[in-house]
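# Descriptive structure summary
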Amino acid sequence: MRNLYMDLQYAFRMMARQPLFTAMATLSLALGIGANTAIYSFMDAILLRTLPVPNPETLVVLNWHSKDHPPVVQSHWGSNFKDPKTGNTSGDFPFAAYERMRANNPVLSSVFAFKGTGRINVLIRGQADLASGQYVSGNFFSGLGVPPASGRLIEPADDPAGANVATLSYAYANRRFGDITSAVGQSIQINNKPFTVTGVAAPDFFGVNPEGPVDIYFPLHADAAIETPVRGDVSRKYLDQHYYWIDIMGRLKPGVTMAQAQAALAPMFGQWVKPTAVTQSERADLPLLYLQEGAGGLDFLRRQYSKPLYILMTMVGLILAIACANTANLLLARSAARRREMAVRLSLGASRMRVIRQLLTESILLAGIGGALGLVFANWGIRALTLLVANGRQDFTLHATLNWRVLAVTMGLSLATGILFGLAPALQSARLDLVSRLKLSRAGEQPVHSRSWIRVNLTQILVVSQIAICLVLLVAAGLFVRTLTNLNSTALGFNSDRILLFSVNPLQAGYDNDALVRFYENLQAQLSAIPGVRSVTASNFALVSGSQGTTNVSIPGYDGKNSDSAVLYVGPNFAGTMEIPILLGRQIEERDVRAKAAVAVVNEEFVKKYFANEYPIGKHYRLGGPTEGHDLEIIGVARSARYSSLKRDIPPVSYVPYSQDARSAGQLTYELRAAGDPLALTQTVRRIVSAADSRIPVSNVITQAKRIDQTISQERTFATLCTCFAILALLIACVGLYGTMAYSVARRTNEIGIRMALGAERRRVIWMVLREVLAMGAAGLLIGLGVALTASHVLESFLFQLKPNDPQALSVAAFSLLAAILIAGFGPASAASRVDPWTALRDE
């Protein structure tokens, strides 16, 4: 401990004597460690954080998988996804399957079910707003082990009876009632139906889906009171064995492993699902049960962000590698000035291990200071990254923090980097030739001896590695920037400027059928009278918002496959307000909405697919199924406009008056084209809606341009972060190259002086140094290009209208790096050309 104290004391003195070196080294390390800490904090929040319940490692999530979409899944309320290992995968089951899993389960101590309600209308003390809800089985909270913070939580007796009771989350109870105790026993209105608050959940419990916290929980069978008529007969969900909709989790019994539970439950589900198949095609692809670890809850968020986070973590890891190489180069340069000191230490009896320990103490202390400063940068980075990823979304729920796991990783990074970049200089300093080093004068540097090639080559290898890594990051940044450019330059087919969007859902306030249509018409009339509003329309969701609706179509005379159409229920003057050109016929007008006319406007893609050789105006087709569909007449053809996404091809689209099926339209989004700033209309819009009915809250207030921008937030985030990381890597690499060449010039001062004394011109000296710079740069570029061409295929799924080996991205990255290398090398080269021959010869 005494030696450690002396080593630390000496290390602090050395750092204080060389403030420029200390600042450069700690700053580069702080930037590298800070970037890694910030990205890791998001990985911790998304991929590693477990549910705040007792023994989360014993929780399991039930899923099924199949080769394709199973024919027995005739109705599906939920989601499915393609998994590389399991194929078509989903976590939604029929209610009868849940009852079968729950009854006489040999491996799970508890089996509980739940389903999200979507956004619900909540009226509390005369104040209406939207909240996120979830239906839960009676044993949901007891199965998870969640205690109440106040009152009681939903119990098994509440579920079968469909009791009108509710459990609030801790945060929601505080927000709406001021404190949790006053919330218990209160009566609230949910979609215009009365409910009683029985309790408040524990403070840290957010639900089982990290994608978004739940505000209010209801008994599973309370859906009969809450569900709006749009979903039809609620009882069908509980009786139809082909209706897949409910999510299931369970808890392993003590001593039962995941493999044992899988072996026991898979045949049980197989026995249940087999009789639901009637035809041979249904039996050919039956859903197969598989269990997934449930410690982190549902994995929607992990599937969305895991690959991007791993890519970003790799990039910041490369930045840290550049920072370590840069610091190692600085230490190698500094060790040249301390060779005489190390030689004196060794000659006076210090062991080589003692010298190595002293130098490693200095490097670890340097990394420790860099790690401490990196926490400051990481905190700023987390805030900036959160704002960047949220991109203005009010419902963004992902919050990364500097918790103990993140701090432990930062400490580990600091220790590892200190050893990594300090080991090579320490070993070099401990292998000195004592006689030659003690003979070395303080005035100059001796000629290169037989062992110096090790240090020189190591320095050059570090510089070449930095250049290669930097090129890989520049290529990745170029690909993401080009992808973002392609997305931003994609033709929309409509004018997104100066459009304000907001949503209302009178259906949740008790409006239905004709009353619903009248409310929408009256609201549109009042909005049209606002000063500064040029035109108003409505649709069941905004264009290019990520939402979509698709249904089957029946076209007389068409016998091709995939007869379907995207659908958008719209109000009058939709094409005019959105400035979508009408190529044939006319647009949907007020008379069509008021009369519930069975008409439609279709886009060019619809005509090309179904009426390629016919005049479409006046043609009839059926939209939807044989019992629930509508026979429509085509009254107009609109130019094809982007529908749900910038990245997807434009599908055949049917624009239908929302009065055709107002309940299916449900929530409507109003589009207001303004003469000036559309956001300036927000308060007026809220006042008008509140005056029309105070029970109906206004939601999703945003401009059309911002809404489109949110759909490409991942691409924008990648482009911004990768550009910042690439610039940071470039700066660190250039500093490392500059320091290396400055050191090389300093140790060759005598040689350069002799050359100039013998008549060498300044430009030849500059070229001599730049030639070495270009040699290292060329080596780094060649290695980096090879790595970039191989690694860029990992990014292919994130690119849009771009190949991973895009020549423009590769060439711009290479030329940018080459220019930076020349700029960094020109400083030392210029200094070498200004060496005074007389001073150099006098030192010699």
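What counts as what
Residue positions are counted from 1 within each chain, in the order its sequence is given. With pLDDT at 70 or above as the cut-off, local features in this predicted model cover only qualifying residues; side-chain atom pairs require 80 or more to be listed or tallied, and sums for whole chains, interfaces and linings still use all residues. No hydrogens and no water enter the side-chain calculation; it runs on all heavy atoms of the structure. Where helices and strands are cited, they refer to DSSP runs of H or I of at least four residues and of E of at least two residues respectively, numbered from the N terminus. Each residue's exposure class comes from its accessible area (1.4 Å probe, protein chains only) as a fraction of the maximum for that residue type: buried when under 20%, exposed when over 50%, partly exposed otherwise. In what follows, a contact means two residues having at least one pair of non-hydrogen atoms within 4.5 Å. Throughout, the Shrake-Rupley method with a 1.4 Å probe supplies accessible areas, and for residues the shown protein chains are the sole cover considered. We treat Lys and Arg as the positive residues and Asp and Glu as the negative residues; His and chain ends play no part in the count. Charged groups are reduced to one reference atom each: NZ for lysine, CZ for arginine, CG for aspartic acid, CD for glutamic acid. Salt bridge criterion: a side-chain nitrogen from Lys or Arg within 4 Å of a carboxyl oxygen from Asp or Glu. For every residue, the predictor states its confidence as a pLDDT score lying anywhere from 0 to 100. The length a helix should cover is 1.5 Å for every residue beyond the first. Arc definition: directions from the helix axis to the C-beta atoms. Ring pairs shown here join Phe, Tyr and Trp side chains whose ring centres sit within 6.5 Å, with only the six-membered ring taken for Trp; geometry is labelled stacked below 30 degrees between planes, edge-to-face above 60, and tilted in between. Look at NZ for Lys and CZ for Arg. If either is within 6 Å of the ring centre and within 35 degrees of the ring normal, a charge sits over the ring. For our purposes a nonpolar core is just a set of buried Ala, Val, Leu, Ile, Met, Phe, Trp, Tyr and Cys residues, chained together by side-chain atoms within 4.5 Å. For two strands to pair, DSSP has to find at least two bridges joining them. Between the N-to-C directions of two axes lies an angle of 0 to 180 degrees, each axis being a line fitted to C-alpha atoms and, for a helix, fitted only over the stretch in contact. Note on convention: near helix rotated counterclockwise from far helix by under a right angle means a left-handed crossing. Clockwise means right-handed. Classes in brief: Ala, Val, Leu, Ile, Met, Phe, Trp, Tyr, Cys and Pro nonpolar; Asp, Glu, Lys and Arg charged; the others, Gly included, polar. Should an angle lie under 35 degrees it is considered roughly parallel, over 145 roughly antiparallel, and from 65 to 115 roughly perpendicular; all remaining angles are considered oblique. Within this analysis, patches are made of residues with over 30% relative accessible area and no salt bridge. Like charges are joined at 9 Å or less; nonpolar side chains (Val, Leu, Ile, Met, Phe, Trp, Tyr) at 5 Å or less. N or O atoms within 3.5 Å of each other form a polar contact, as long as, within protein, one can give a hydrogen and the other can take it, and as long as residues adjacent in sequence are counted only when both atoms are side-chain atoms.

Helix and strand counts for the protein chain come out as 27 helices and 26 strands. For the protein chain, the C-alpha atoms occupy an extent of roughly 105 × 65 × 55 Å along the three principal directions. Looking at the protein chain residue by residue over its 844 residues, the buried ones come to 54%. The contacts of the protein chain with a sequence gap of at least 6 include a subset with a gap of at least 24, amounting to 82%. When the accessible surface of the protein chain is summed, it comes to about 36600 Å², and 58% of that surface belongs to carbon and sulfur atoms. In the protein chain, the 78 positive side-chain charges and the 60 negative ones have mean positions that sit 12 Å from each other.

Moving on to the side chain of Gln 466. By the secondary structure assignment, Gln 466 is in helix α15 (residues 452-488). Note on Gln 466: relative accessible area 1%, which makes it buried. Once you skip the residues sitting within four places of it in the chain, Gln 466 turns out to touch Ile 322, Ala 325, Asn 326, Asn 329, Ile 732, Ala 733 and Gly 736.

Turning next to the pattern of salt bridges. Under the counting rule described, the total for this entry stands at 23 salt bridges. Measuring nitrogen to oxygen at the nearest pair gives 3.0 Å for the salt bridge that ties Asp 806 to Arg 482. Note that Asp 806 is positioned in the loop between α25 (762-791) and α26 (807-833) and Arg 482 in helix α15, a separation of 324 residues in sequence. With a relative accessible area of 8%, Asp 806 lands in the buried category. Two residues, Arg 534 and Glu 579, come together in a salt bridge whose shortest N-O distance is 3.8 Å. Taken together, the residues span a long stretch of sequence, with Arg 534 in strand β17 (residues 533-539) and Glu 579 in the loop between α17 (574-578) and β20 (582-585) at a distance of 45 residues. A network of salt bridges, in which partner residues are shared, links Arg 586, Glu 589, Arg 591 and Asp 592.

Turning next to the confidence of the model for the protein chain. Here the protein chain averages 85 in pLDDT, and 90% of its residues register 70 or above. Confidence drops under pLDDT 50 across residues 441-456; counting only partners more than four residues distant or on other chains, this segment forms 22 contacts.

Turning our eyes to something else, we now look at helix α1 (residues 2-17). Between the first and last C-alpha of α1 there are 23 Å, a value that for 16 residues agrees with the 22 Å anticipated at 1.5 Å per step. Buried within α1 we find Asp 7, Tyr 10, Ala 11, Met 14 and Met 15. With its buried residues spanning 140 degrees around the axis, α1 presents them on a single face. Looking at α1, the residues exposed on the side facing more than 90 degrees away from the buried face are Arg 2, Tyr 5, Ala 16 and Arg 17.

Attention now moves to the environment of Met 578. Take Met 578: it is sitting in helix α17. Residue Met 578 is classed as buried on the basis of its relative accessible area of 0%. On a C-alpha basis, the gap between Met 578 and Gly 493 in space is 9.3 Å, while along the polypeptide they are 85 residues apart. Beyond its immediate chain neighbours, meaning those up to four positions away, Met 578 contacts Phe 494, Asn 495, Ile 499, Leu 543, Glu 671, Arg 673 and Gln 704.

Under the counting rule described, the total for this entry stands at 31 aromatic pairs. Taken together, a centroid distance of 5.1 Å and an interplanar angle of 75 degrees make the contact between Phe 141 and Tyr 217 edge-to-face. Placement of the pair is Phe 141 in helix α4 (residues 140-144) and Tyr 217 in strand β12 (residues 216-219), with a sequence separation of 76 residues. According to the relative accessible area criterion, Tyr 217 is buried, its value standing at 0%. Both rings, one in Phe 718 and one in Phe 798, keep their centres 5.1 Å apart while their planes meet at 25 degrees; by these two values the pair is stacked. Remark: Phe 798 occurs in the loop between α25 and α26 and Phe 718 occurs in helix α23 (residues 713-747); sequence separation between them is 80 residues. The lysine or arginine in question, Lys 115, covers the ring of Trp 77, its NZ or CZ lying 5.4 Å from the ring centre. A cation sits over an aromatic face here: Arg 303 above Phe 81, 3.5 Å from the ring centre.

All right, on to the nonpolar core then. Residues Leu 527, Ile 580, Tyr 621, Tyr 655, Tyr 670 and Leu 672 are the most contacted members of the largest nonpolar core, which totals 158 residues. Examining the composition of this core, we find that 16 residues originate from one element, α15, more than from any other. The contact partners of Leu 672, leaving out residues within four places of it in the chain, are Arg 498, Ile 499, Leu 500, Phe 502, Leu 527, Val 533, Ser 535, Val 536, Leu 681 and Val 685. Core analysis: the next-biggest nonpolar cluster, separate from the first, contains 58 residues, Ile 188, Leu 220, Phe 269 and Trp 272 among them.

The subject of this paragraph is the pairing of strand β7 (residues 127-136). For β7, the buried fraction is high: seven of the 10 residues fall into the buried class. Here strand β6 (residues 108-124) pairs with β7 via 10 bridges, running antiparallel. The residue bridging Ile 120 from the neighbouring strand is Ala 131, located in β7. Linking β6 to β7, which pair antiparallel, is a turn of two residues; within it Arg 125 sits at a positive phi near 55 degrees. The pairing of β7 with β12 spans four bridges and is parallel. Counterpart to Gln 134 in the pairing with β12 is Tyr 217.

Turning our attention to the packing of helix α16 (residues 513-528) against helix α21 (residues 682-692). Close contact between α16 and α21 brings their axes to 11 Å; oriented N to C, the two are set at 145 degrees. Seen along the crossing, α16 lies across α21 with a hand that is right-handed. From α16, Phe 519, Leu 523, Gln 526 and Leu 527 reach across to α21, where they touch Val 685, Ile 688, Val 689 and Ala 692. Across the contact of α16 with α21, the residue classes tally to seven nonpolar, one polar and no charged.

As a packed pair, helix α2 (residues 19-48) and helix α12 (residues 352-390) sit with axes 6 Å apart at the nearest point and diverge in direction by 45 degrees. Classified by the interaxial angle, the pair formed by α2 and α12 is oblique. When you trace α2 past α12, the crossing you get is right-handed.

Take a nonpolar patch on the surface next. On the surface, Leu 27, Leu 373, Val 376 and Trp 380 cluster together to form a nonpolar patch covering roughly 370 Å² of accessible area. Along the chain, Trp 380 falls in helix α12. Judged by its relative accessible area of 52%, Trp 380 falls in the exposed class.

Despite not being glycine, Asn 192 shows a phi value in the positive range, around 70 degrees. Inspection of the secondary structure puts Asn 192 in the loop between β10 (187-190) and β11 (193-201). According to the relative accessible area criterion, Asn 192 is partly exposed, its value standing at 35%. With phi around 55 degrees, Asn 700 is a residue other than glycine that occupies positive phi space. By secondary structure assignment, the location of Asn 700 is in strand β26 (residues 699-703).

This brings us to the side chain of Ser 539. Position of Ser 539 relative to the elements: it lies in strand β17. Here the side chain of Ser 539 touches Phe 541 through a polar contact of 2.8 Å, landing on its backbone oxygen. A polar atom in the side chain of Ser 539 sits 2.6 Å from the side chain of Glu 671. Filtering out sequence-adjacent residues up to four positions away, Ser 539 remains in contact with Leu 568, Tyr 569, Val 570, Phe 574, Gln 667, Leu 668, Thr 669 and Glu 671.

A separate point is the environment of Thr 669. Its location among the elements puts Thr 669 in strand β25 (residues 668-674). With 129 residues separating them in the primary sequence, Thr 669 and Asn 540 have C-alpha atoms 5.7 Å apart. The residues contacting Thr 669, other than those within four sequence positions of it, are Leu 501, Phe 502, Ser 503, Thr 537, Ala 538, Ser 539, Asn 540, Phe 541 and Ala 542. A polar atom in the side chain of Thr 669 sits 3.0 Å from the side chain of Ser 503.

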